[in-house]
Amino acid sequence: MSDKKPNKIISNIYDVFEPFYGLLRIFGFVVFTVSSAEENRCEVRRANWLYLTVSSSVLLGVFILNLNINFFTFRMQSDIVMTMTRYILLMGILVVMETTIANRFLQPYLWKLLRNLYYFDKMMMTVNAPVDHPLHRRWVIRASIGVCILCLLFGAFNVGTISAVSLDIRLGFFAASSYNVITFAFTLYISHFIMILTKIRMRFCMINKCFKSNFATNDLHKLVSSSSPGSRQIIETLTKLHDCLNDSVGMANGYFALPMLITLSCVFANIVVTVFTVYKMLVKDHTYEDFWSGIVYGIDCGFYVFFLVVVVAISSDLTYQGKYTAVLVHKAISRNEDASIAEKLKSWSLQLLHRQPIVTCGLFSYDWTLFYSVVAATFAYVTILIQFDTTKYYNDRALNGTF
């Protein structure tokens, strides 16, 4: 009988993220070896440096070539749209390059974040609430496959349509390919952000579920008797776990803050150009090429806005779950008949008052207020662009009328 290699045991957070981090190495977003992080040493192998060097060199070459693209070869309704398109393309390449290089220096944040989640999972086992790592790995694998399929379909659509609206098909193909590189990098990076937030949010939910099953109750007329030494130990463990997750949120903020800030700025510019382009297509006469330009912008904008909404939704729910722990603690204080337990809960309540998990980039928080602000600012800037375009239109007519 031939020796059969035993299946790998999925037992920690490193095994969960290992498939997705293989994709991230394409752009040099992760330069340390995941298996070495599990051994409490941040090892950077030569192969990872090679990924980083090759990806940075390719992006630099694409950026230099795009500087020489003559955007007048693209059929566009407005000089404003043409200028903004050039800005988005060049800034997008710079954002990917900045993210690739900055991540090399921000790796300690990610490494410590994974270490925090690793220790969290080990401590959760002491309160009989283990994390289902095999299930989480399956979801990460499915998400990785979904991201790749989505990027391939999206890229094929962009190459076909952008080449069609270009006077030079080869130039249009190159511009579309450059844009696809930006899109793929954006999708991978923001998917990484979403996965990290999802894992932290899920662990806040686990703390709330564990605490609720031991101390809190929705029955207003029922008191919880929990005078055993094990109950005090559970409270101390959950207090440390909650503080550990708050530290994880802070590390995630430190790792993703600058790249996400620049990325969202480009997404906002894309939204403004898209709304303005669709407006031009609807209110003025347009050709076949103008119609497809509006379709391309609309689909691209919907793609980016979808990820923005997902980030906002998960971040908001993460903050809610972290704050909901305080609600459960106060319920347990008012319905607990053990003075020593109530005193420990009051101490935890004070900690919850001073430490709340808020996902932020430093300038603003990722919550629904950000989403509404983006919507309001979009309409404000589109109104300004419409005024500029209308003024230019009448000036051109007046100039033509003098000849």
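Structure: see above.
Residues numbered from 1 in each chain as written. Predicted model: local features only at pLDDT ≥ 70, side-chain atom pairs only at ≥ 80, totals over all residues. Heavy atoms only, no water.

*Asks:* I'd like to hear about the overall build of the protein chain, residue by residue, with values.
*Replies:* From N to C terminus, the protein chain includes ten helices and zero strands. Traced from its N-terminal end to its C-terminal end, the protein chain shows the element sequence α-α-α-α-α-α-α-α-α-α. The proportion of buried residues among the 403 residues of the protein chain is 49%. Here the contacts in the protein chain between residues at least 6 apart in sequence split such that 83% fall between residues at least 24 apart. Total accessible area on the protein chain stands at roughly 20000 Å², and carbon and sulfur atoms take up 65% of it. (Helix = DSSP H or I, 4+ residues; strand = E, 2+ residues; numbered from the N terminus. Buried < 20%, exposed > 50% of the residue type's maximum accessible area, 1.4 Å probe, protein only. Contact = heavy atoms within 4.5 Å. Areas by Shrake-Rupley, 256 points an atom, 1.4 Å probe, with all protein chains shown as cover.)

*Asks:* Could you give me a rundown of helix 9 (residues 339-354), with the residues and numbers involved?
*Replies:* Its 16 residues place the ends of helix 9 23 Å apart at the C-alpha level, agreeing with the 22 Å of an ideal helix rising 1.5 Å per residue. Within the span of helix 9, buried status applies to Ile341, Ala342, Leu345, Trp348, Ser349 and Leu352. The buried residues of helix 9 occupy an angular sector of 120° when the element is viewed end-on, so they sit on one face. Turned more than 90 degrees off the buried face of helix 9, the exposed positions are Ala339, Glu343 and His354. (Expected span 1.5 Å × (residues − 1). Arc of directions from axis to C-beta.)

*Asks:* Just give me the short version of the side chain of asparagine 12, but keep the residues and values in it.
*Replies:* Looking at the secondary structure, you find asparagine 12 in the segment before helix 1 (13-24). Note on asparagine 12: relative accessible area 4%, which makes it buried. At a separation of 3.1 Å, a polar atom in the side chain of asparagine 12 contacts the main-chain amide nitrogen of tyrosine 14. (Polar contact = N/O pair within 3.5 Å; in protein donor to acceptor, adjacent residues only side chain to side chain.)

*Asks:* Run through the pattern of salt bridges, naming residues and quoting values.
*Replies:* Taken as a whole and assessed by the stated rule, the structure comprises six salt bridges. Ionic pairing is found between aspartate 121 and arginine 203, a salt bridge with its closest N-O pair at 2.9 Å. Taken together, the positions of aspartate 121 in helix 4 (residues 79-124) and arginine 203 in helix 6 (residues 169-214) put the pair 82 residues apart, joining distant regions of the chain. Accessibility assignment for this pair places aspartate 121 and arginine 203 in one class, buried. Residues arginine 355 and aspartate 243 are paired through a salt bridge, measuring 2.5 Å at the closest nitrogen-oxygen approach. Taken together, the residues span a long stretch of sequence, with arginine 355 in the loop between helix 9 and helix 10 (368-401) and aspartate 243 in helix 7 (residues 229-283) at a distance of 112 residues. Accessibility expressed as a relative area gives 29% for arginine 355, which makes it partly exposed. A network of salt bridges, in which partner residues are shared, links Asp243, Asp247 and Arg355. (Salt bridge = Lys/Arg side-chain N within 4 Å of Asp/Glu carboxyl O.)

*Asks:* Describe in detail the nonpolar core, supporting the description with residues and values.
*Replies:* Counting 86 residues, the largest nonpolar core has Ile200, Phe211, Leu345 and Tyr366 as its most contacted members. Listed by contribution, the elements that provide at least two residues to this core are helix 1, helix 4, helix 5 (133-164), helix 6, helix 7, helix 8 (288-334), helix 9 and helix 10. Sequence-distant contacts of leucine 345, that is, excluding residues within four places in its chain, are made with Phe211, Ile235, Val329, Ala332 and Ile333. (Core = buried A, V, L, I, M, F, W, Y, C linked by side-chain atoms within 4.5 Å.)

*Asks:* Before we move on, could you go through unusual backbone geometry and cite the residues and values that matter?
*Replies:* You will see that asparagine 128, though not glycine, has its phi angle at about 60°, which is positive. Mapped onto the fold, asparagine 128 is located in the loop between helix 4 and helix 5.

*Asks:* Outline helix 1, listing residues and values.
*Replies:* For helix 1, which comprises twelve residues, the first-to-last C-alpha distance of 16 Å matches the rise-based estimate of 16 Å (1.5 Å per residue) to within 8%. In terms of burial, helix 1 is a largely internal element, nine of the twelve residues being buried. Within the span of helix 1, buried status applies to Ile13, Tyr14, Asp15, Val16, Phe17, Phe20, Tyr21, Leu23 and Leu24. The N-terminus of helix 1 is capped by asparagine 12, whose side-chain oxygen sits 3.1 Å from the backbone nitrogen of tyrosine 14.

*Asks:* Any details on the packing of aromatic side chains? Residues and values, ideally.
*Replies:* Overall, the coordinates contain 20 aromatic pairs when judged by the stated rule. Each ring, one from phenylalanine 268 and one from tyrosine 381, has its centre 5.7 Å from the other, and the planes form 80°; the classification is edge-to-face. In this pair, phenylalanine 268 is assigned in helix 7 and tyrosine 381 in helix 10, connecting sequence segments 113 residues apart. Using a relative accessible area of 46% as the deciding quantity, one classes tyrosine 381 as partly exposed. On the numbers, 5.4 Å between centres and 75° between planes, the contact of phenylalanine 306 with phenylalanine 307 is edge-to-face. By way of ring pairs, the aromatic residues Phe154, Phe186, Phe303, Tyr304, Phe306 and Phe307 are connected into one cluster. In this structure, arginine 142 packs its charged tip against the face of tryptophan 139, placed 5.2 Å from the ring centre. (Phe/Tyr/Trp six-rings, centres within 6.5 Å; stacked < 30°, edge-to-face > 60°. Lys NZ or Arg CZ within 6 Å of the ring centre and 35° of its normal.)

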